[in-house]
Amino acid sequence: MSQLLDGKKTAQEIRDLLKGRVARLKDKGVVPGLSVTLVGEDPASKVYVGAKDAAAKEVGMHATTHRLPAGISEADLRAHLIAQNNDAAVHGILLQLPLPKHLPEESLLDLIAAEKDVDGFHPVSLGNVMLGRPGFKPCTPWGVQVLLRRYGISLKGKHVVIVGRSNIVGKPLANLLVQKADDADATVTVCHSGTKDLARYTRDADVLVAAIGRGEFITADMVKDGAVVVDVGMNRVDDAALPKGYRLCGDVDFKAVEPKAASITPVPGGVGPMTIAMLLSNTVWSAERAAGIESAQDPFAN
Ligand SMILES: NC(=O)c1ccc[n+]([C@@H]2O[C@H](COP(=O)([O-])OP(=O)(O)OC[C@H]3O[C@@H](n4cnc5c(N)ncnc54)[C@H](OP(=O)(O)O)[C@@H]3O)[C@@H](O)[C@H]2O)c1
């Protein structure tokens, strides 16, 4: 029986800590503002945006979701983002991905002011992560790191194998965990679709992180006994027996892997809620910096 790494519970603990910081800001006349932009009607994105909006409001922040039509022109979306950059009541700007195909994600993300980049996707934020400097950290990788630390799982000298090299998960996570720091100091291997004999690497992992986007791809034979398993995946798999017609699953075959693992994250209730908690944390930190309040970036340091 493995230990369940409960992201839902840990995320609630973070939100509870943030409520105190939001109250302190309000005493100074500042309400942390989060601006979320959703372009089009992607069903999964709508769910994520709704969850972010609700979580922001729960901690007392001012959250606005801008719902823009799928056919919006690049020029109009650029103008909208520039307006968010220039709005002093907005401390964090989030552009929900994926965007409709005609819109260039990269250059639009680059347009978000680095000092409001609470998603941590701007090249400046990612550069700071790579250099181990303070700055906004991408929410999902940071959530993974904080969750492991909260459960007392030391990464020092451990072999962390990350399957997936996306700019939003795999690459920044590797950069966070390789730093010379108490909650990092791991030896990191990053695998991807070009990796030959993937299982050779995953079976050597003390900590295995799956960020692939393929339902139940990591099977029990790919995991070492006693490994820590972090499942970032969030996949919809058709299931006609369910009222919705689908079920959610991670990138790890949870039922088969759980008995072998020392610790494992569930899906849902693992990395997903942590991602949202870190987004709120980045936004509160941004508002504190704008208000000239000295504060720690780490939500558990307060
Ligand atoms: N819980 C959360 O908050 C959260 C946040 C973000 C993402 N997610 C989920 O996490 C998953 C990954 O997201 P992402 O945005 O990082 O996905 P992505 O951009 O599609 O990247 C997937 C990565 O997996 C690699 N890959 C694909 N097939 C593989 C294979 N057969 N063997 C080895 N590697 C393979 C790809 O390799 P190549 O680079 O070679 O193509 C790529 O690096 C998705 O399920 C997503 O929904 C969850």
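Now for a look at the structure at hand. (Residues numbered from 1 in each chain as written. Predicted model: local features only at pLDDT ≥ 70, side-chain atom pairs only at ≥ 80, totals over all residues. Heavy atoms only, no water.)

**Brief notes about the packing of aromatic side chains**
Enumeration according to the criterion identifies one aromatic pair in this entry. Judged by centre distance (5.6 Å) and plane angle (90°), the ring pair of Phe136 and Trp285 falls under edge-to-face. Highlighted residues: Phe136 in the loop between helix 5 (123-131) and helix 6 (139-150) and Trp285 in helix 10 (residues 271-290), separated in sequence by 149 residues. Assigned by exposure class, Phe136 and Trp285 land together as buried. Residue placement shows Arg289 over the ring face of Trp285; its charged tip is 4.0 Å from the ring centre. (Phe/Tyr/Trp six-rings, centres within 6.5 Å; stacked < 30°, edge-to-face > 60°. Helix = DSSP H or I, 4+ residues; strand = E, 2+ residues; numbered from the N terminus. Buried < 20%, exposed > 50% of the residue type's maximum accessible area, 1.4 Å probe, protein only. Lys NZ or Arg CZ within 6 Å of the ring centre and 35° of its normal.)

**Description of the site of the ligand**
In the neighbourhood of the ligand, 21 residues make up the surrounding shell, with Arg165, Ser166, Ser193, Met234 and Thr275 lying closest. Contacts to the ligand include Val232, whose backbone N or O atom sits 3.4 Å from an oxygen atom. In this structure, Thr275 approaches the ligand through a side-chain N or O atom, which is 2.8 Å from an oxygen atom. The residue makeup of the shell around the ligand, split by class, is nine nonpolar, 10 polar and two charged. (Near = heavy atom within 4 Å. Polar contact = N/O pair within 3.5 Å; in protein donor to acceptor, adjacent residues only side chain to side chain. Nonpolar A, V, L, I, M, F, W, Y, C, P; charged D, E, K, R; others polar.)

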